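# Tertiary structure, described
Here's the letter readout for the chains.
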Amino acid sequence: MIRRIDTLSGDLFADAAPLVLDRVALFEHLNHWTSQHWLRQLDTAFARFLADLDPQASPAVLLAATLLAHMEGRGHSCLMLDELAHDPATLLAWPVAGLNAWQSIAPAMPGHAAGWQAELGRSTVVTTDPATSNAPLVLAGTRLYLRRYHGYEQSVANAVRQRTAHAQGEHDALVRQWLDRLFEHDPANQPDWQKMACAIGTRGQLAVVTGGPGTGKTYTVARLLALLLATADHPDTLRVALAAPTGKAAARLKQSIDGALQDLQQKVGADLALTAFAERVGAARTLHSLLGARPDTRKFRHHAGNPLEVDVLIVDEASMIHLEMMAALLDALPAHARLILLGDKDQLASVEAGAVLGDLCRDAEAGRYTGATVDFVSRTTGQTLPAQYLGQGNALAQQTVMLRVSRRFGGPIGQLALAVNRGDAPAALAVLMDHHAAVQWRNRANPQAVVELALSGRAGAPGGYASYLEVVKQRPPDVPEHESWVRAVLGAFERFRVLCAVREGDWGVAGLNKAIETELARHDWLPRNRGEWYTGRPVMITRNDPGMKVYNGDIGIALPDPATDALRVYFLDGQDIRSVLASRLADVETAFAMTVHKSQGSEFEHTVLALPVDAGQILTRELVYTGITRARQYFTLVSASQQGFEDALGRQTRRASGLYEGLAGA
Ligand SMILES: Nc1ncnc2c1ncn2[C@@H]1O[C@H](COP(=O)(O)OP(=O)(O)OP(=O)(O)O)[C@@H](O)[C@H]1O
């Protein structure tokens, strides 16, 4: 009897006949699964490598290793053995044919987590004590890790615990005085979470401020900087650094903080030299550049043995930081320094493994503030925290504040984003169908609808790529004006963007880039006979190249060098413009259409989100939410079907990790 696989569960196999599977048979299955693209070649190759290392390793061990590699490729930090035993359909999220194939060998595998643990415990490629063994797999309770990821997770958990333990304010009375000056008292806005976030940021060596778009994360952190300066023992030597995962996000952070500090300067007058302070802070940098990425190695120039020279480090867009990067960042930070992480916990996690901000903010919504935090907040802000936010959260929860009021995201785009974030399909559909200029929906559309929008936007919403190509065509004859032209082109390109859920196919990045290029050429915006490189080509870097100082996700535009006419790709790096000869960039792709993942940290005046009929597990609530929140003024959804959109809202990203549990006792 074949049962429907979508009801697959552990007890399904209780009456199944025992099945014996040897290693040869297992690899036959794995090869077949790879040929069907349910697994990657790499996953099976990893199992083969382990089979050579331990000739006694059982098929169960090799299968677990294959799946572990597979899960890592999908952004998980570990393999949850209890889910593998009890809910493989959800865990694997394979198409039905794949799950049926899984079902055919499942009777030969342990039916419970304890069975998997016992099998794994017998192999020399698995250890439960990585400190004394260099086995490639680490078993921690019911989680199986690649050794490297176990190490990163442990080091992040340890660092967070150390940085949040015994967090106590030092100058509470002074903090109170300054907070009352920096924040207007608004009885309608109580508790003022921004004020509380600033207070929390003055204690401990780590604070996390999360909030949706426009909730004032940068507004708050500018006030926190002023507060730290005002209460510092040696304000003249306070060293502050600003960073973000991408160049674009870094540039936005610096711009917003400078603007906010300038406004504050007027508010506080001569009592604090904030303008001079902003200059001293210097440019915001990418994390790669801050940590000192080096060619041909994953190791950074800064680490525990050569720490960063900072007292306060502000990192924006923290949802994009993957586990390995967070481990490197914490490792490079001196013990006394304060780290302030800013980000939106509900956005897509990084492409690479880990969902660090999500894990760190697991209690953010509920608060779970202890009596000590309540007292501290009352002393430093004069506010009483409502009872619903009290609890017994861990030490990190005491250092985490969620901003809950959006200041500039109240219109239809904000309503849509909120509805999507709640998974409330009827509310989201109501906004989409409201025919508002800010939000429009092309339903039952095909990719050509995206191409048309990419040409010249839509009624009521400017944009389309013709606008920036117009600027490209206005190349100045004189060299001195070259830089302002480059800035104008880069600025104009940032006003509009097509975002895709998938990479492949007509709805994917590759297909849409081609179709948009062809359409732009048809209207003479691009040369009809063009090679790979042409004037105005927007490109995204797809691989880090520290030697060339370009990093995965950087976006630049190819324009002629003023002296030689050779095409160079120009990038905005903070406030500066940098350029690299186009011919020297190997790992790039055209960037008229890009994935939602890669758009994180950027905002565009008009954002178009292209959703195919069924992209399976990739199409999640977080993806749609992240896409919508990239739009500043106009958002257009182009979808193949309403059902696909609704299905996405019902699907939440879950990334396996032990980080939250590792913070216990923090
Ligand atoms: N308490 C406040 N009073 C008045 N204006 C505010 C307040 N908080 C934020 N704003 C304004 O709201 C806007 C959004 O704030 P900000 O850019 O700091 O939000 P954010 O959370 O950093 O947004 P993003 O998601 O784009 O990074 C800014 O114009 C800011 O000046």
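If you're wondering where the values come from, they're calculated on a predicted model, not measured in any experiment.

Further remarks concern the overall build of the chain. For the chain, the count of helices and strands is 28 helices and 20 strands. Here the chain has a C-alpha radius of gyration of 26 Å; the compact-globule value for 666 residues is 26 Å, and the two agree. With the principal axes as the frame, the chain shows a C-alpha extent of 80 × 65 × 50 Å. Per-residue burial for the chain yields a buried fraction of 50% across its 666 residues. When contacts within the chain are restricted to residue pairs at least 6 apart in sequence, those whose partners lie at least 24 apart make up 75%.

Another point: the UniProt feature "binding site: ATP" (unreviewed entry) in the chain. Those residues carrying the UniProt feature "binding site: ATP" (unreviewed entry) are Gly211, Gly212, Pro213, Gly214, Thr215, Gly216, Lys217 and Thr218 in this numbering. With respect to the helices and strands, glycine 216 occurs in the loop between β5 (206-211) and α11 (217-231). Using a count of 20 C-beta atoms within 10 Å as the deciding quantity, one classes glycine 216 as buried. The contact partners of glycine 216, leaving out residues within four places of it in the chain, are Gln194, Leu403 and Arg407. By the secondary structure assignment, threonine 218 is in helix α11. Residue classification places threonine 218 among the buried positions, given that 20 C-beta atoms sit within 10 Å. With residues near it in sequence (within four places) discarded, threonine 218 still touches Leu253, Ser256, Ile257 and Ala260.

Mapped onto this numbering, the UniProt entry gives "domain: AAA+ ATPase" (unreviewed entry) at residues 203-370. Overall, residues 203-370 shows 39% helix and 14% strand. The separation of its end C-alpha atoms is 15 Å.

On to the pairing of strand β19 (residues 604-611), then. Among the eight residues that make up β19, seven are buried, leaving the element largely enclosed by the rest of the structure. Where β19 and strand β20 (residues 631-639) come together, seven bridges link them in parallel fashion. Following the sheet pairing, threonine 607 is matched in β20 by phenylalanine 635.

As a further point, take the sheet that holds strand β6 (residues 240-244). Read across the open sheet, the six strands follow the order β7-β6-β8-β9-β5-β10; overall the sheet is parallel. Only two strands of the sheet have a single neighbouring strand rather than two, namely β7 (285-286) and β10 (400-403). As judged from the two bridges shared by β6 and β7, these two strands associate in the parallel manner. Counterpart to alanine 244 in the pairing with β7 is threonine 286. Strands β5, β9 (338-343) and β10 of the sheet are contacted by helix α10 (residues 193-201), whose axis makes an angle of about 160 degrees with β10.

Our next topic: the sheet that holds β20. Judged by pairing direction, the sheet is parallel, and its five strands sit side by side in the order β11-β20-β19-β12-β18 without closing on themselves. Where the open sheet ends on each side, the last strands, each with one partner, are β11 (439-442) and β18 (593-595). On average, each strand axis in the sheet is inclined to that of its neighbour by 25 degrees, with strand direction left out of account. With three bridges connecting them, strand β12 (residues 496-500) and β18 associate as parallel partners. Note that in β18 the partner of cysteine 500 across the bridge is threonine 595.

Right, let's talk about helix α19 (residues 412-422) for a bit. Those residues of α19 lying buried are Ile413, Gly414, Leu416, Ala417, Ala419, Val420 and Asn421. On its buried face, α19 is in contact with α20 (425-432), β11, α26 (621-628), β20 and α27 (642-649). Of the residues one or two after α19, glycine 423 is the one with positive phi, at around 75 degrees.

Take the site of the ligand next. For the ligand, the full set of nearby residues is Gln194, Gly211, Pro213, Gly214, Thr215, Gly216, Lys217, Thr218, Tyr219, Ser256, Arg407 and Arg408. Of all the elements, α11 adds the most residues to the shell around the ligand, at three residues. Split into classes, the residues belonging to the shell around the ligand amount to two nonpolar, seven polar and three charged.

Another aspect to go through is the packing of helix α8 (residues 147-164) against helix α15 (residues 323-332). Two elements in contact, α8 and α15, have axes separated by 9 Å at closest approach and are oriented at 45 degrees. Taken together, the axes of α8 and α15 are oblique relative to one another. The way α8 lies across α15 gives a crossing that is left-handed. In this structure, α8 contributes Tyr149, Tyr152, Glu153, Ser155, Val156 and Ala159 to the contact, and α15 contributes Leu323, Glu324, Met326, Ala327, Leu330 and Asp331. Looking at the contact of α8 with α15, its residues break down into eight nonpolar, one polar and three charged.

Here we take up helix α21 (residues 447-456). Buried within α21 we find Pro447, Val450, Val451, Leu453 and Ala454. Projected onto a plane normal to the axis of α21, the buried residues spread over an arc of 165 degrees and lie on a single side. Backbone geometry just downstream of α21 places glycine 457 in the positive-phi region, at approximately 70 degrees.

Moving on, we come to the nonpolar core. By size, the foremost hydrophobic cluster in this structure holds 214 residues, and its most contacted members are Ala64, Leu79, Val156, Ala226 and Ala610. Considering every element that reaches this core, the biggest residue donor is helix α3 (residues 59-73), with 10 residues. Ignoring any residue separated from it by four or fewer positions in sequence, one finds alanine 610 in contact with Pro447, Val450, Val498, Leu499, Cys500, Ala501, Trp507, Leu512 and Val638.

Turning next to the confidence of the model for the chain. Detail in the predicted coordinates should be disregarded across regions flagged by low pLDDT. Confidence in the prediction of the chain, expressed as mean pLDDT, is 91, and 96% of residues score 70 or more. Every residue in residues 1-17 is under pLDDT 50, and counting partners more than four places away or in other chains gives 22 contacts. Interface predicted TM-score (ipTM) for the complex: 0.98; the corresponding pTM is 0.87.

The rules behind the values
Residues numbered from 1 in each chain as written. Predicted model: local features only at pLDDT ≥ 70, side-chain atom pairs only at ≥ 80, totals over all residues. Helix = DSSP H or I, 4+ residues; strand = E, 2+ residues; numbered from the N terminus. Rg over C-alpha atoms; globule rule 2.2 N^0.38 Å. Buried ≥ 20, exposed ≤ 12 C-beta atoms within 10 Å, placed from the backbone. Contact = placed C-beta atoms within 7 Å. UniProt positions renumbered as here; feature names shortened; annotations may be inferred. Pairing = 2+ DSSP bridges. Axes fitted to C-alpha atoms, helices over the stretch in contact; angles between N-to-C directions. Near = placed C-beta within 6 Å. Nonpolar A, V, L, I, M, F, W, Y, C, P; charged D, E, K, R; others polar. Parallel < 35°, antiparallel > 145°, perpendicular 65-115°, else oblique. Left-handed = near helix turned anticlockwise from the far one by under 90°. Arc of directions from axis to C-beta. Core = buried A, V, L, I, M, F, W, Y, C linked by C-beta atoms within 7 Å. pLDDT = per-residue confidence, 0-100.

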